[in-house]
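Remarks on the overall topology
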Amino acid sequence: MIDNQTYAWLHDGVSFLLAPALLALLAACAVAAVEAGIAAGERFSGLKKLRAAGNAAHVQALARHRLERADLLARIPPMLGLMATIIPLGPGLAALGQGNPAQLASAVTVAFDATVLGLVAGIAGLVIGKLRRRWYEETLDAMEHAA
């Protein structure tokens, strides 16, 4: 049977993950902004230059690399947001049980903010990935027809 000391250790270990999860969420939002800028540059000039160069293998490799980044951005931040949502709710609910609703309110605020950050970064990754996928397919089709 698991004793109270093990539960305390587990709780401390999980609570330790909140700060790294929140930092990772902030980093993911920054990466999403950078990726959006890179995607805009691709759309308005980068893809034209790649098409003019005529190296389909290079375009495929570049597309694979950039689409993987966008896919990771679409998937990981929502998971981190969920993790950073659930972690503060445990202590918040415990505080409510001890008659401290202010601590619960603080925990719920952190939880909802983390959810929003995860969704913002995930949505950005999803949109960027979908647009890039279409742009690279169009570029490769145009290169194939030109050859």
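Described in the following lines is the structure provided in the data block. In this text, all values refer to a predicted model and were calculated from it rather than measured experimentally.

For the protein, the helix and strand inventory stands at 4 helices and 0 strands. Here the C-alpha atoms of the protein give a radius of gyration of 22 Å, more than 25% beyond the 15 Å that 2.2 N^0.38 yields for 147 residues. For the C-alpha atoms alone, the extent of the protein along its principal axes is close to 70 × 35 × 15 Å. Looking at the protein as a whole, 29% of its 147 residues are labelled buried. When contacts within the protein are restricted to residue pairs at least 6 apart in sequence, those whose partners lie at least 24 apart make up 85%. Total accessible area on the protein is roughly 9300 Å²; 69% of this is exposed by carbon and sulfur atoms. Looking at the protein, you have 12 positive and 11 negative side-chain charges, and the mean spots of the two groups are 11 Å apart.

Here we take up the environment of G81. Inspection of the secondary structure puts G81 in helix α3 (residues 56-97). Once the C-alpha coordinates of G81 and V120 are considered, the two residues, 39 residues apart in sequence, prove to be 9.8 Å apart.

Right, let's talk about the packing of helix α2 (residues 18-53) against helix α4 (residues 101-146) for a bit. For any two helices packed against each other, the geometry comes down to the angle between their axes and how far apart the axes lie. Relative to each other, α2 and α4 sit at 15°, their axes nearing to 9 Å. Accordingly, the angle class assigned to the pair α2 and α4 is roughly parallel. Both α2 and α4 take part in a crossing whose hand is left-handed. Residues that form the contact of α2 with α4 fall into these classes: 21 nonpolar, 2 polar and 6 charged.

Counting residues in each nonpolar core, the largest one holds 11 residues, listed as A39, L47, L50, V59, L62, A63, A70, I128, W135, Y136 and M143. Not counting residues up to four positions away in its chain, the partners in contact with A70 are G125, I128, G129 and R132. Judged by nonpolar contacts, the second largest core, of 7 residues, contains L18, L80, A84 and A114.

As for its position among the elements, E35 is in helix α2. Classification of E35 by relative accessible area gives buried; the value is 5%. Filtering out sequence-adjacent residues up to four positions away, E35 remains in contact with R69, L73, I128 and R132.

Orientation of helix α1 (residues 4-16) relative to α2, taken along the N-to-C sense of each, is 20°, at an axis distance of 4 Å. One way to sum up the angle between α1 and α2 is to call them roughly parallel. Of the residues in α2, those touching α1 at V14, S15 and F16 are L18, A19 and P20.

Conventions used here
- Residues numbered from 1 in each chain as written.
- Predicted model: local features only at pLDDT ≥ 70, side-chain atom pairs only at ≥ 80, totals over all residues.
- Heavy atoms only, no water.
- Helix = DSSP H or I, 4+ residues; strand = E, 2+ residues; numbered from the N terminus.
- Rg over C-alpha atoms; globule rule 2.2 N^0.38 Å.
- Buried < 20%, exposed > 50% of the residue type's maximum accessible area, 1.4 Å probe, protein only.
- Contact = heavy atoms within 4.5 Å.
- Areas by Shrake-Rupley, 256 points an atom, 1.4 Å probe, with all protein chains shown as cover.
- Lys, Arg positive; Asp, Glu negative; His and termini not counted.
- Charge placed at Lys NZ, Arg CZ, Asp CG, Glu CD.
- Axes fitted to C-alpha atoms, helices over the stretch in contact; angles between N-to-C directions.
- Parallel < 35°, antiparallel > 145°, perpendicular 65-115°, else oblique.
- Left-handed = near helix turned anticlockwise from the far one by under 90°.
- Nonpolar A, V, L, I, M, F, W, Y, C, P; charged D, E, K, R; others polar.
- Core = buried A, V, L, I, M, F, W, Y, C linked by side-chain atoms within 4.5 Å.

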